[in-house]
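# Notes for the structure review
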There are 4 protein chains.
Amino acid sequence: MILGAAVRVFARQGFHTCRVSDIADEAGVAYGLVYHYFPSKEAILDTLFLERWDVMLTAIADADAASAPPREKLRAVASFILDSYRHDPELMKVIIVEVTRAANTFGRTHLGKIREAYGGIARIVKRAQEDGQFRGDVDASFAAQAFYGLVEQVLTTWIFEDAPVSPTEIERVKAEVVQMICGGLEASASAPAPSTPATSHLLE
Amino acid sequence: MILGAAVRVFARQGFHTCRVSDIADEAGVAYGLVYHYFPSKEAILDTLFLERWDVMLTAIADADAASAPPREKLRAVASFILDSYRHDPELMKVIIVEVTRAANTFGRTHLGKIREAYGGIARIVKRAQEDGQFRGDVDASFAAQAFYGLVEQVLTTWIFEDAPVSPTEIERVKAEVVQMICGGLEASASAPAPSTPATSHLLE
Amino acid sequence: MILGAAVRVFARQGFHTCRVSDIADEAGVAYGLVYHYFPSKEAILDTLFLERWDVMLTAIADADAASAPPREKLRAVASFILDSYRHDPELMKVIIVEVTRAANTFGRTHLGKIREAYGGIARIVKRAQEDGQFRGDVDASFAAQAFYGLVEQVLTTWIFEDAPVSPTEIERVKAEVVQMICGGLEASASAPAPSTPATSHLLE
Amino acid sequence: MILGAAVRVFARQGFHTCRVSDIADEAGVAYGLVYHYFPSKEAILDTLFLERWDVMLTAIADADAASAPPREKLRAVASFILDSYRHDPELMKVIIVEVTRAANTFGRTHLGKIREAYGGIARIVKRAQEDGQFRGDVDASFAAQAFYGLVEQVLTTWIFEDAPVSPTEIERVKAEVVQMICGGLEASASAPAPSTPATSHLLE
DNA sequence: CATGAATGAGACTTCATTCAT
DNA sequence: TATGAATGAAGTCTCATTCAT
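## Examining the domain arrangement of chain A
All names here are of chain A. By domain assignment, chain A separates into domain 1 (1-39) and domain 2 (48-185). Put simply, the middle of domain 1 and the middle of domain 2, counted by C-alpha atoms, are 28 Å apart. Counting from both sides, the interface comprises nine residues of domain 1 and, opposite them, 10 residues of domain 2. Taking both partners together, domain 1 and domain 2 bury about 810 Å²; carbon and sulfur atoms supply 73% of that area. Considering only the surface of domain 1 that becomes buried against domain 2, Val7, Ala11 and Phe15 emerge as the three largest contributors, covering 56% of it. The tally of links from domain 1 across to domain 2 stands at zero salt bridges. Inspection of the domain 1/domain 2 interface yields two residue pairs in polar contact (both at pLDDT 80 or more).

What follows is the structure in structure tokens.
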């Protein structure tokens, strides 16, 4: 399947460094066939991103809609993203490296979609602030950036390490992310709360 | 000056999308001259990155060496990076977009240098944990990722917005970053402490 | 019908600029079917041309065979060609633009057929010269070129204008063509003779 | 020289059938160099056409401006075009086959320029009609089409024959063209007038 | 130092044609 | 008949890099 091959090739070589024929080779087809299904190399990446990102937007919305403490909502989002990485690290690498951080190319193209994710997380924070569960003196958008930035930084580190990440580590990081964002670093800060395991992720 | 022109062009068009002649045009010289000073297009970006990154590594080391509470140390680092952005947003954009997040190309080349920065921040955290000022149940490397990830996320957002950032906003964000990382989001967490203004940044 | 679709597409986009799939789309069939009826894209144009051109050769021969004054014979030929344009301007456009003037491609392939037309017209002139009705000091082949060149120039102009031509204008041009070729431009030359309407054309 | 090579290649193979590398090979340079001077293959043909066509427009205007009988003016125009063919048949072939008759591609692009030529010839006719030297019952534009169509038909025939044309034949044709257009075919029509040799042509 | 003509590998993309269904 | 997935040769164009001047 061409999309699958594209994910592997984009992840391995990067969008700009790979050729369309690399994708075709990886898929075991003639490269003309790639153009039978996609109008251009860029369209392949667009398709990959949009398909998966929309699932994530839904996951964020679902997390927000749940009747759970904010810690749990954020945990659900982190869980979703990290599980997505666990199930298809190559796709997540492509999305992060080639899209969400590519300010001059695809990032600009998909800026609206990317901001939707930030906005969804910010909404979770805002609601928690209104309920008095999160302190009100932090800008909700800023908090969303902290949360998302941390998760993407973790993924970026794994991406650079290029080594498989164990389920155990994934679970530990989920807890750490939530605790970090909610409780902060300082000794006087709140202690971590027990967590519920997440049940869905980006690529089930 | 060719390096300055390269910064502007890389920032505006991206490394892969610009041509060597674009840099030469921006610098007002013939493109052959670029090869008088640099062996290749890649070498220009390498030079840009290495020159500036080393200054940052020094700034992190300096912050760690100071006898100040960890909050202040982290604030100094955040301050340095954010002031660097304020003084040369184009260079910071290039470094972030084209190097530190470019897992398949320059990011891999400069992985060692990039990790040094994480390590420096982690050292600050570790020391604070040993002193009992930061809780010990958080992995110091993880905390460093949270801190650095947040700062880079803020910069990435500004980069995408492509709008000038006011000194006031920069200062506000410095405080928010430290408070976010140290105090966390929850209502029971510690209140923000007063801050000291930073005195140096990446591009003085 | 595929030939009809091909005419429209060749006329609209040109032979080299259209794709076989454009023809299939226009015909409302899958493009594989085109190859069921024609061995190649070129063969479609060959077929279009040959089918129609042979009708014209017959028309020229018929005109010559008639017992009529040379003016009438030439008028019959002009009439045939111009009426052909009126009834299917797209087909005539394709024949002229893609074949009779395409010296490097189809024009060369069908050179023999094209010359037959010139020869037929020249024969009409020659006979008129032998009868003393046309002056003898003009090369018959040259006269045929003048005649045919004028008609094709008129059609080319209409083709470029891409506007429908009224029956009235067609009739006027028929008279003008004959008068121009037979009487010339000069004031002392012979006056136009009344004309008989033509009864057949290339595409009845 | 690249333009010269392009003329030869376009003439030999046709615009659509040749590759840019054929032009480069013919010119004895790397094909990248072609793109150093021209932005595209099309631009080469545009340049070829426009450079030469403007010379012809000037020649037509000059002929019209001269104080000579209309026969002489038309003879000057025919002379110019036919001499142009004699001096660079390949260029004239390219202009006629690939531009002035290419209704779907370059002909459309340069329609304005092409019509200027028709207009210039029509102006000569119109003036002669006003002077009473040409009969007034012929549309001047139509007469221009007859004249130009005849000349292009002669050139097209030579182009298809692909054989060198002798100076003698060229001269004979000049006289025949003028006589044909001015005197017509019929026996009662005016006799040919003696002609003056032309002194310039498209490619001196 | 400085120029820009020249090179040519390499990328994307097109599309006529084949063929299994 | 009819479809459209699949092929791959071929073509245009880009651009990093070299080098004579």
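After that view, the rundown keeps rolling.
## Quick notes on helix α2 (residues 20-27) of chain D
Here α2 of chain D has its buried residues at Val20, Asp22, Ile23 and Ala24 of chain D. Buried residues in α2 of chain D make contact with α1 (2-13), α3 (31-37) and α4 (41-65) of chain D.

## Looking at the protein's contact with DNA strand E
Around DNA strand E, the structure places 28 residues, and the nearest of them are Arg19 and Lys41 of chain A, Val20 of chain C together with His36 and Tyr37 of chain D. Among all atoms of DNA strand E positioned within 4 Å of the protein, those belonging to sugar or phosphate total 59%. Here a phosphate oxygen of DNA strand E sits 3.4 Å away from a polar atom, N or O, in the main chain of cysteine 18 of chain A. Tyrosine 37 of chain B has a polar side-chain atom sitting 3.1 Å from a phosphate oxygen of DNA strand E. Looking at the surface near DNA strand E, the elements with two or more residues in it are α3 (31-37) of chain A, α3 (31-37) of chain B, α3 (31-37) of chain C together with α3 of chain D. When the residues that make up the surface near DNA strand E are grouped by side-chain class, the tally is 18 nonpolar, six polar and four charged.

## So, the pattern of salt bridges
A complete count under the given rule lists 52 salt bridges over all chains for this structure. When the shortest N-O distance is used, the salt bridge between arginine 127 of chain A and aspartate 64 of chain A registers 3.5 Å. Taken together, the residues span a long stretch of sequence, with arginine 127 of chain A in helix α8 (residues 111-130) and aspartate 64 of chain A in helix α4 (residues 41-65) at a distance of 63 residues. Under the relative-accessibility criterion, aspartate 64 of chain A is labelled buried at 7%. Arginine 172 of chain C is paired through a salt bridge with glutamate 169 of chain C; the nearest N and O atoms lie 3.9 Å apart. You can see arginine 172 of chain C and its partner glutamate 169 of chain C sitting in helix α10 (residues 167-183), three residues apart, about one turn around the helix. The exposure class assigned to glutamate 169 of chain C is partly exposed, which follows from its relative accessible area of 27%. One network of salt bridges, in which partners are shared, links Arg75, Asp83, Glu171 and Lys174 of chain A.

## As for the side chain of glutamate 98 of chain B
Among the secondary structure elements, glutamate 98 of chain B is positioned in helix α6 (residues 89-100). Among buried charged residues, glutamate 98 of chain B stands out as having no salt bridge; its nearest opposite-charge side chain is lysine 93 of chain B, 7.6 Å away. Residues within four places of glutamate 98 of chain B in sequence aside, it is in contact with Asn104 of chain A together with Phe10, Gly14, Phe15, Leu45, Lys93 and Phe106 of chain B.

## Brief notes about helix α6 (residues 89-100) of chain A
Counting buried positions along α6 of chain A yields 10 of 12 residues, so the element is predominantly enclosed. All buried positions along α6 of chain A are accounted for by Leu91, Met92, Lys93, Val94, Ile95, Ile96, Val97, Glu98, Val99 and Thr100 of chain A.

## Some thoughts on the interface of chain B and chain A
In this complex, chain B contributes 62 residues to the contact, which on the side of chain A involves 62 residues. Overall, the association of chain B and chain A removes approximately 4900 Å² of surface from exposure, summing both partners, and the carbon and sulfur fraction of that is 55%. Linking chain B with chain A are zero salt bridges. Counting the contacts that link chain B with chain A gives 12 residue pairs in polar contact (both at pLDDT 80 or more). Elements with a contribution of two residues or more to the side of chain B that touches chain A: α1 (2-13), α5 (70-87), α6, α7 (106-109), α8 (111-130), α9 (140-161) and α10 (167-183) of chain B. Top contributing element to the side of chain B that touches chain A by residue count: α9 of chain B, with 15 residues. Partitioned by chemical class, the residues of the side of chain B that touches chain A number 28 nonpolar, 20 polar and 14 charged.

## Description of the relation of the copies chain B and chain A
Taken as rigid bodies, chain B and chain A are interconverted by a rotation of 180° and an axial shift of 0.0 Å, the fit giving an RMSD of 0.1 Å. Between the two chains, the operation in question is that of a two-fold axis. Here 100% of the interface residues in chain B have copies in chain A that are interface residues too; the copies meet face to matching face.

## Describing the protein's contact with DNA strand F
Around DNA strand F, 28 residues are found, and the nearest of them are Ala30, His36 and Tyr37 of chain A, Val20 of chain B together with Arg19 of chain D. Backbone atoms, meaning sugar and phosphate, form 60% of the atoms of DNA strand F found within 4 Å of the protein. Here a base nitrogen of DNA strand F and a side-chain polar atom of tyrosine 31 of chain A are 3.0 Å apart. One nitrogen or oxygen atom from the side chain of lysine 41 of chain D is found 2.9 Å from a phosphate oxygen belonging to DNA strand F. Sorting the residues of the surface near DNA strand F by element identifies α3 of chain A, α3 of chain B, α3 of chain C together with α3 of chain D as the ones contributing at least two each.

Cut-offs used in this document
Residues numbered from 1 in each chain as written. Chains lettered and ligands numbered in written order. Predicted model: local features only at pLDDT ≥ 70, side-chain atom pairs only at ≥ 80, totals over all residues. Heavy atoms only, no water. Domains from an automatic or database assignment. Contact = heavy atoms within 4.5 Å. Buried area = accessible area lost by both parts, 1.4 Å probe. Salt bridge = Lys/Arg side-chain N within 4 Å of Asp/Glu carboxyl O. Polar contact = N/O pair within 3.5 Å; in protein donor to acceptor, adjacent residues only side chain to side chain. Buried < 20%, exposed > 50% of the residue type's maximum accessible area, 1.4 Å probe, protein only. Helix = DSSP H or I, 4+ residues; strand = E, 2+ residues; numbered from the N terminus. Near = heavy atom within 4 Å. Nonpolar A, V, L, I, M, F, W, Y, C, P; charged D, E, K, R; others polar. Lys, Arg positive; Asp, Glu negative; His and termini not counted. Least-squares fit on C-alpha atoms with pLDDT ≥ 70 in both.

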